[in-house]
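The primary structure of each chain is shown beneath.
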Amino acid sequence: MDVTYTSTKSTVEATRTSVLKMQRQLIVAQKEVSSGRYADVGIALGARTSRSVSMRRDINYMNLIIDTNSTASTRLDSTQSALTGLVEMSQGFVDTLISARTTETGRENAANEAKANLSMLTDVMNGAVGGESLFAGIKTDTLPLSNYFTSPTSAAKTAVDAAFLGEFGTTQSDPANETGITGSDMQTFLDTTFDTLFNDANWAANWSAASDENVVSRISIYEDVETSSNANYLGYRKLAEAYTMVADLGIENLNDLAFQAIVDTAIDMVGAATQYLAVEQGRLGTSQERVELANNRLLSQINIITGQVNDMEVVDPYDASVRVTTLLTQIETSYALTARIQKLTILNYI
Amino acid sequence: MSLTAAMETARSNLSVLTAKTAVISRNIANTSNEFASRKIVGTATGHNGVGVHITSITRASDEALFHNVLSANSDASYQKALVDAMDQLNATINDTEQDASPAALIGKLKDALQEYSASPSELVRAQSAISAADDVATSLNSATELVQNVRSQADLEISGAVDTINSLLEQYGSVNQKVIDGTRIGSDVTDYLDQRDKILADLSQEIGIKTVAGNNYDLSIYTDSGVTLFQHTARAVTFDGLASYSAVDTGNALVIDGVPVTGSSATMPISSGRIKGLIEIRDDIAVTYQSQLDEMARGLIEMFAETDQTASGLPDATGLFSYPGSPTVPATGTLDTGIAGEISINAVYDSSQAGDPTLLRDGGANGAAYVYNTTGASGYSARLFELIDEFGVDRSFDASTQLGGTLSLENYASSSIGWMEENRQSAATAQEYSTTVLERASYSLTSVIGVNLDYEMSILLDLEHSFQATSRLISAIDSMYASLLEAGGR
């Protein structure tokens with residue numbers, strides 16, 4: 001046998017198998033051109049696929065945290081604006097009290113404004129966003145405060161009425177109070193018995209259904225912050241105390257000294273409350289800032305990780321399309337070659 | 001020398017020419033037949049220089065190339081079996097972009113918990129967290145089913161391969177006998193040799209083989225590990241397939257001539273062929289992958305377990321995820337084979353089964369002692385944060401899963417994907433290589449033993465010329481005889 005011998009079948013087979021192989025490669029290359037990613041990411045990356053999967057998972061999780069952070073931000077923003085409203089309201093009230101102190105007719109004004117403010121405070125405390133109470137702490141499904149002036153009489157008013165009666169032996173509306181209650185009597189009452197009505201235990205029993213515990217949000221992968229306030233906070237309690245003493249101790253029936261004792265105590269108390277509110281606003285502001293920072297951090301992390309996932313999974317579009325073109329040319333050449341080889345037979349010449 | 005001798009020579013040449021033409025026609029007929037070799041006619045001068053006769057019909061062959069083809073064939077079909085089965089297993093993972101793997105679904109469960117923790121009072125968030133958990137459990141269940149199907153399918157294919165091997169060996173026996181008998185009486189056995197090669201090629205696809213030649217072209221077959229498949233008679237190849245597989249089932253070994261050639265008890269284990277690939281899938285890769293799924297399921301059950309909140313010394317009890325052994329929490333770091341097929345959502349959480357999804361936030365699936373949210377506040381999120389953190393907490397996993405050690409469930413789940421894809425990648429690379437080797441080996445063999453049409457046709461031309469010359473010779477001798485007879489008769 002001649003060493004250069006080669007069978008007809010092997011000649012034909014050679015072009016046939018190479019065309020098949022190129023067609024398989026063409027399918028892969030086409031898919032990569034159209035999707036921009038590896039046709040089979042698992043085969044392409046091998047063990048590194050686990051990194052791609054965990055990075056995708058992290059991206060999803062971080063995107064979700066950014067979503068849920070908007071819930072927390074909304075709550076914080078609403079709480080902040082409610083607090084700003086409370087501060088403005090309390091400052092207006094102080095002005096009213098100062099003018100009421102010196103003018104005779106101011107009393108009724110002050111009483112009315114105090115009533116309005118008390119009910120406004122209740123409304124603000126009962127505010128909700130998306131069905132969740134803003135000031136109820138973690139008891140988000142409850143309304144923290146109930147109205148003071150209601151029928152039947154609210155627990156808070158019942159307690160105030162009873163304390164007044166116990167102290168002075170009269171009701172608030174009794175005209176005898178003008179002579180019966182001295183300025184120092186009133187001052188003592190305000191500093192002791194009345195003040196006790198607003199301590200932790202009585203506040204929880206008569207006024208508030210809120211939880212002391214604030215709502216906590218997870219704002220980044222391992223960062224939890226408090227993202228609410230609650231009606232049990234001292235600032236709100238002091239406001240309620242100031243409004244109540246002006247609204248419901250029957251100031252229209254008191255002598256000047258007793259009235260002034262109330263007005264002075266109320267002014268002091270509102271001042272203290274405003275300071276507490278500023279502290280609370282500061283605390284919430286810190287939370288807002290932390291949410292914002294967390295979002296920025298998450299966004300930049302998402303960008304980086306998305307880039308890494310792309311580095312792993314994405315094919316060079318230029319390379320992929322060059323491969324397609326090359327394969328197409330090669331396959332065409334193969335076809336031409338096959339046809340030529342088939343024609344090349346001795347039979348045509350004998 | 002006489003005219004008679006010349007006539008005799010011419011006549012013998014004619015019969016040789018016809019025989020050669022017949023062989024050419026046989027060759028041409030088999031041009032595109034794989035493993036059909038080119039037949040070669042051997043001739044010799046007759047006694048005392050008178051005439052020519054056919055001494056043999058042999059075939060073009062190359063033992064070394066043929067054995068290359070056999071072993072390349074075994075390797076390629078071994079790798080192909082691996083790749084095919086792993087592509088099936090890969091359906092549990094799919095493209096990373098689709099986020100359909102157990103690992104991705106575990107991530108989604110964490111996302112759902114995060115979403116719930118942001119609005120703990122919303123029931124619909126609780127329900128979507130429960131349904132995300134249900135997706136995880138279902139994906140583990142269906143992955144288990146798929147893995148066991150792959151095993152049972154491999155088992156079935158082994159049974160099929162064993163039937164093929166037995167019938168091939170039987171055919172081989174009769175063809176081999178014809179070769180031996182034919183060789184003894186000196187007849188043309190080339191076609192039988194071709195047939196025998198074809199059978200060997202088919203056989204090598206199922207199982208790695210090697211051959212040893214004996215007298216009279218007798219050929220014995222052994223597995224690549226040395227167990228006799230055929231020596232004078234076919235040896236029994238037996239295999240007991242299982243009707244179906246569950247995670248705890250172990251498949252039977254393949255037994256040849258009474259010797260187990262697969263499994264841990266095999267002293268002479270086969271190393272190539274389709275059966276080898278199928279066995280590796282059934283007993284090794286699928287089993288390991290199953291054990292990884294099992295560890296994921298066990299990890300989930302452990303993560304969501306509830307702890308006694310009253311300090312009364314009660315044991316931990318399974319929470320959101322349960323299994324037939326609930327409420328006992330499975331032992332940590334210890335593989336519980338098949339648990340991935342049994343993991344489910346505890347019905348007390350499932351609102352469609354009259355359960356309460358908020359147990360996820362509050363705890364208490366196992367009674368009042370396990371309640372975390374003691375005040376019942378609707379904005380309570382501490383337990384949810386604890387659960388979210390659990391995803392990243394390191395825990396121990398069984399070393400037999402090949403991913404053992406201490407890592408978080410999230411990372412364990414994605415490592416399992418890495419493990420699978422690494423195996424797939426190396427199998428695919430090996431398959432590509434072995435296929436190329438097979439193509440090259442087949443190409444070399446066919447180019448040596450195959451028929452070249454042009455070559456045969458050119459020989460045919462020679463034969464034609466030779467035939468014409470011989471015919472002319474006969475007619476010349478004839479006219480010589482005629483002249484002689486005419487002269488003698490005068």
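These figures come from a predicted structure and were not determined experimentally.

## Remarks on the overall build of chain B
- Tallying secondary structure elements over chain B gives 10 helices and 13 strands in all.
- Rg of the C-alpha trace for chain B: 37 Å, well past the compact-globule value of 23 Å for 490 residues, more than 25% over.
- Put simply, chain B has 490 residues, and 47% of those count as buried.
- Residue pairs at least 24 apart in sequence account for 68% of intrachain contacts in chain B once pairs closer than 6 positions are excluded.

## Side note on the overall build of chain A
- A count of helices and strands for chain A gives 11 helices and 4 strands.
- In terms of C-alpha radius of gyration, chain A reaches 40 Å, well past the compact-globule figure of 20 Å for 350 residues.
- Across its three principal directions, the C-alpha atoms of chain A cover 145 × 30 × 30 Å.
- Counting across all 350 residues of chain A, residues that qualify as buried make up 37%.
- Taking as baseline every contact in chain A between residues at least 6 positions apart, the subset at least 24 positions apart corresponds to 75%.

## Focus: the packing of helix α9 (residues 234–248) of chain A against helix α10 (residues 256–313) of chain A
All names here are of chain A.
- Where α9 contacts α10, the two axes come as close as 8 Å, and the packing angle between them is 160°. It follows that α9 is roughly antiparallel to α10 by the angle criterion. Handedness of the crossing formed by α9 with α10: left-handed. On α10, the residues touching Leu234, Gly235, Lys238, Leu239, Glu241, Ala242, Met245 and Val246 of α9 are Ile262, Thr265, Ala266, Met269, Val270, Ala272, Ala273, Tyr276, Leu277 and Glu280.

## Looking at unusual backbone geometry
- With an omega dihedral of -5°, the bond running from A:Ser151 to A:Pro152 counts as a cis peptide bond.
- Considering the arrangement of structural elements, one finds A:Pro152 in the loop between β2 (132–133) and α5 (155–168).
- Residue B:Ser326 is joined to B:Pro327 through a cis peptide bond whose omega torsion reads 5°.
- Note that B:Pro327 resides in the loop between β10 (321–322) and β11 (344–345).
- Residue B:His232 is not a glycine yet carries a positive backbone phi of 65°.
- We classify B:His232 as exposed; it has 12 C-beta atoms within 10 Å.
- Phi angles above zero are rare outside glycine, and B:Ala354 is one such case at about 60°.

## Structural notes on the confidence of the model for chain B
- Mean pLDDT over chain B works out to 92, with 99% of the residues at or above the 70 mark.
- Among the prediction metrics, the complex's ipTM stands at 0.85, with pTM recorded as 0.88.

## Here we look at the pairing of strand β1 (residues 39–45) of chain B
All names here are of chain B.
- Bridge count for β1 against strand β2 (residues 52–59) is 7 bridges, and the pairing is antiparallel. By the bridge assignment for β2, Thr43 is matched with Ile54.
- Counting the residues in the hairpin turn of β1 and β2 gives 6 residues, including Asn48, whose phi is positive at 55°.

## Description of the sheet that holds strand β9 (residues 259–260) of chain B
- The 3 strands are arranged β7-β8-β9 (chain B) in an open sheet whose pairing can be described as antiparallel. Pairing within the sheet leaves two strands with one partner each, and these edge strands are β7 (237–238) and β9 of chain B.

## Re the environment of B:Gln127
Residue and element names in this part refer to chain B.
- Positionally, Gln127 belongs in helix α4 (residues 123–185).
- Separated by 224 residues in the primary sequence, Gln127 and Ser351 have C-alpha atoms spaced 7.7 Å apart.
- Excluding residues that lie within four positions of it along the chain, Gln127 makes contacts with Ser351 and Pro357.

## Comments concerning the interface of chain A and chain B
- Counting residues at the interface gives 47 residues for chain A, matched by 51 residues for chain B.
- Broken down by element, the side of chain A that touches chain B gets its largest block of residues, 14 residues, from helix α3 (residues 49–102) of chain A.
- When its residues are assigned to classes, the side of chain A that touches chain B shows 18 nonpolar, 19 polar and 10 charged.

## Here's the deal with the environment of B:Gly208
Residues and elements named next belong to chain B.
- Take Gly208: it is sitting in the loop between α5 (190–206) and β3 (209–213).
- Here Gly208 falls in the buried class, since 26 other C-beta atoms lie within 10 Å of it.
- Once residues within four sequence positions are removed from consideration, Gly208 is found in contact with Ser71, Ser74, Thr223, Asp224, Ile270, Ser271, Ser272, Gly273 and Lys276.

## Details of the sheet that holds β3(B)
- If you trace the 4 strands from one edge of the open sheet to the other, you get β3-β4-β5-β6 (chain B), paired in antiparallel fashion. Lying at the two open borders of the sheet, with one neighbouring strand each, are β3 and β6 (233–234) of chain B.

## Quick notes on the nonpolar core
- The biggest cluster of nonpolar side chains holds 115 residues, and the ones touching the most others in it are B:Ala133, B:Leu300 and B:Ile343.
- The leading source of residues in this core is α4(B), at 21 residues.
- Setting aside residues no more than four positions away along its own chain, B:Ala133 makes contact with B:Leu109, B:Leu320, B:Phe321 and B:Ile345.
- A:Leu86, A:Leu190, A:Ala210 and A:Leu239 belong to the second largest nonpolar core, which has 52 residues in total.

## So, α9(A)
All names here are of chain A.
- Compared with an ideal rise of 1.5 Å per residue, which puts 15 residues at 21 Å, α9 spans 20 Å between its outermost C-alpha atoms and is within 8% of the ideal.
- Counting buried positions along α9 gives 14 out of 15 residues, so the element sits mostly inside the fold.
- Positive backbone phi, approximately 65°, marks Gly250, located one or two places after α9.

## Focus on the environment of B:Asp191
- Within the element layout of this structure, B:Asp191 appears in helix α5.
- Once the C-alpha coordinates of B:Asp191 and B:Thr228 are considered, the two residues, 37 residues apart in sequence, prove to be 25 Å apart.

## With respect to the packing of helix α3 (residues 102–118) of chain B against helix α8 (residues 382–392) of chain B
Residue and element names in this part refer to chain B.
- Relative orientation of the contacting elements α3 and α8 amounts to 155°, with a least axis distance of 9 Å. Judged by the inter-axis angle, α3 sits roughly antiparallel to α8. As α3 packs across α8, the resulting crossing turns out to be left-handed. Between α3 and α8, the contacting residues are Lys110, Leu113, Gln114, Tyr116 and Ser117 on the first element and Leu384, Phe385, Leu387, Ile388 and Phe391 on the second.

Conventions adopted
Positions within a chain are numbered from 1, following the residues in the order the chain's sequence is written. Chain letters start at A and ligand numbers start at 1, both assigned in the order the entries are written. Only residues with pLDDT of 70 or above have their local features reported here, since the model is predicted, and side-chain atom pairs are shown and tallied only from 80 upward, although totals for entire chains, interfaces and linings are computed over all residues. For helices the rule is a DSSP run of H or I covering at least 4 residues; for strands it is a run of E covering at least 2, with both sets numbered from the N terminus onward. Our radius of gyration is a C-alpha quantity, and the globule rule it is checked against amounts to 2.2 Å times the number of residues to the power 0.38. Here exposure depends only on C-beta density: within 10 Å of a residue's C-beta, 20 or more other C-beta atoms make it buried, 12 or fewer make it exposed, and intermediate numbers make it partly exposed, the C-beta atoms being placed from the backbone. Two residues qualify as being in contact provided that their C-beta atoms, derived from the backbone, are within 7 Å of each other. Note on geometry: axes are C-alpha line fits, over the in-contact stretch for helices, and angles between N-to-C directions span 0 to 180 degrees. Throughout, the term roughly parallel applies to angles under 35 degrees, roughly antiparallel to angles over 145, roughly perpendicular to angles from 65 to 115, and oblique to all others. By the definition used in this description, the sense in which the near helix is turned from the far one sets the handedness, with an anticlockwise turn below a right angle giving left-handed and a clockwise turn giving right-handed. A score between 0 and 100, pLDDT records how confident the predictor is in each residue. Whether two strands pair comes down to DSSP finding at least two bridges between them. Any residue outside Ala, Val, Leu, Ile, Met, Phe, Trp, Tyr, Cys, Pro, Asp, Glu, Lys and Arg is labelled polar, Gly included; the first ten of those are nonpolar and the last four are charged. By definition, a nonpolar core groups buried Ala, Val, Leu, Ile, Met, Phe, Trp, Tyr and Cys residues that are joined through C-beta atoms within 7 Å. Helix span, expected: 1.5 Å multiplied by one less than the number of residues in the helix.

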